[in-house]
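# Summary of the model geometry
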Amino acid sequence: MVVTSRDEVPATLKPEYNRASELKAFDDTKLGVKGLVDAGITEIPRIFHHPADTLDNSSSGDTQISIPVIDLQGIDKDAIKRKKIVESIRDALETWGFFQLVNHGIPVSVLEEMKEGVRRFNEQDNQVKKGFYTRDPMKPVVYNSNFDLYSSPATTWRDTFFCQMAPNPPKPEDLPAACRDILEQYSKLVMKVGILLFELLSEALGLNPKHLNEIDCSEGLAILCHYYPACPQPELTLGITKHTDHDFVNVLLQDHSGGLQVFYQDKWVDIPPVPGALVVNIGDLLQVLPNELNV
């Protein structure tokens, strides 16, 4: 028998780490990682700790290489320029799978308001925000922290709200008041960008410009809005893990904080935010589509 002083706890009596229990406790708060930050934590819960090799692989990206930039200025007025843009998109997707899109037609003011709307949603009154917290994917608006909270090996430091804005958008009254108007406005504008992108992608594949739109590639639009509060121990966790996107095309709007990386030629490359630009990447569905079309 081991005798200890009252303020010592024998190692054999220390409570074991129960991940399932801690995940549920975190989920039950319905406040996400923002709630942890608001509580003033100085050490992040163990559920957020990622393996050292995962953190080492993505902690520093190459800043000497830049992804291609596609400028859509004048695309509808100059057939020669349109052809060059199509060729640039083909090259970018064959080599990177990513590109920055500028002069896409969405005003910078709308982009900034969209980012501000995401911030307003996440920083609004907790009781209002809790009303949207759910793990039911059929809800018109799904707000939670980590959609794969109970299945992933490590939790990521982010909160997200999600809504399917096309083809059957939520009723306006079902959208959060904090960002309702800008969600509707941004969705309409980014949908136009998406339709144009599918025209250009069709041409890049040697198809009729209308082909991908006619087979309904642009019919759906899902908006995912990620929020990454300041982390007291960023060296232990990630905002998001490496992944591919399970869609046709992904259009990403970054804020000024940056942090986005892509894997290129066996190394991670930083994609610094560019004011007014959108980051476009092809998803898993579009990568397999040419095989189905025999192109």
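These remarks concern the structure in this document. (Residues numbered from 1 in each chain as written. Predicted model: local features only at pLDDT ≥ 70, side-chain atom pairs only at ≥ 80, totals over all residues. Heavy atoms only, no water.)

## Examining the pairing of strand S7 (residues 261-264)
- Note that S7 and strand S8 (residues 267-270) share four bridges and pair antiparallel. Among the inter-strand pairings, Tyr264 is bridged to a residue of S8, identified as Lys267.
- Taken together, S7 and the strand that follows it, S8, pair antiparallel across an intervening segment of two residues, in which Gln265 is found at a positive phi of about 50°. (Pairing = 2+ DSSP bridges. Helix = DSSP H or I, 4+ residues; strand = E, 2+ residues; numbered from the N terminus.)

## Quick notes on the pairing of strand S5 (residues 221-227)
- Every second residue of S5 is oriented toward a common face, the buried set being Leu221, Ile223, Cys225 and Tyr227 and the non-buried set Ala222, Leu224 and His226.
- Judged from the seven bridges that link them, strand S4 (residues 159-166) and S5 form a sheet pairing that is antiparallel. Its bridge partner being in S5, Ala166 is matched across the sheet by Leu221. (Buried < 20%, exposed > 50% of the residue type's maximum accessible area, 1.4 Å probe, protein only.)

## Structural notes on the packing of helix H5 (residues 108-122) against helix H7 (residues 180-204)
- For the pair H5 and H7, the least separation of the axes is 10 Å and the interaxial angle reads 140°. As judged from the angle between their axes, H5 and H7 are oblique. As H5 packs across H7, the resulting crossing turns out to be left-handed. Only Ile182, Leu183, Gln185, Tyr186 and Leu189 of H7 make contact with H5, whose side of the interface consists of Val110, Leu111, Glu113, Met114, Gly117 and Arg120.
- For the contact of H5 with H7, the residue count by class is seven nonpolar, two polar and two charged. (Axes fitted to C-alpha atoms, helices over the stretch in contact; angles between N-to-C directions. Parallel < 35°, antiparallel > 145°, perpendicular 65-115°, else oblique. Left-handed = near helix turned anticlockwise from the far one by under 90°. Contact = heavy atoms within 4.5 Å. Nonpolar A, V, L, I, M, F, W, Y, C, P; charged D, E, K, R; others polar.)

## Let's talk about the sheet that holds strand S3 (residues 142-144)
- Strand order in this open sheet of three strands is S3-S4-S5, and the pairing throughout is antiparallel. Where the open sheet ends on each side, the last strands, each with one partner, are S3 and S5. The average undirected angle you get between the axes of adjacent strands in this sheet is 15°.
- Each of S3, S4 and S5 touches H5; the most contacted strand, S5, lies at about 60° to it.

## Concerning the nonpolar core
- With 48 residues, the main nonpolar core has Phe99, Leu101, Phe161 and Tyr186 as its most contacted residues.
- Within the residue set of this core, elements represented by two or more residues are helix H4 (79-95), strand S2 (98-102), H5, S4, H7, S5 and strand S9 (278-282).
- Considering every element that reaches this core, the biggest residue donor is H7, with eleven residues.
- Once residues within four sequence positions are removed from consideration, Tyr186 is found in contact with Ile106, Val110, Leu111, Met114, Ile223, Leu253 and Leu278. (Core = buried A, V, L, I, M, F, W, Y, C linked by side-chain atoms within 4.5 Å.)

## Here's the deal with unusual backbone geometry
- Put simply, Ala166 and Pro167 share a cis peptide bond, and its omega is 5°.
- By the element assignment, Pro167 lies in the loop between S4 and H7.
- At Asn103, a position not held by glycine, the phi torsion is positive, near 50°.
- Structurally, the position occupied by Asn103 is in the loop between S2 and H5.
- If you check the backbone angles, Asp266 has positive phi at about 65° while not being a glycine.
- Tracing the sequence through the fold places Asp266 in the loop between S7 and S8.

Purely geometric stuff here, so don't read any function into it on its own.
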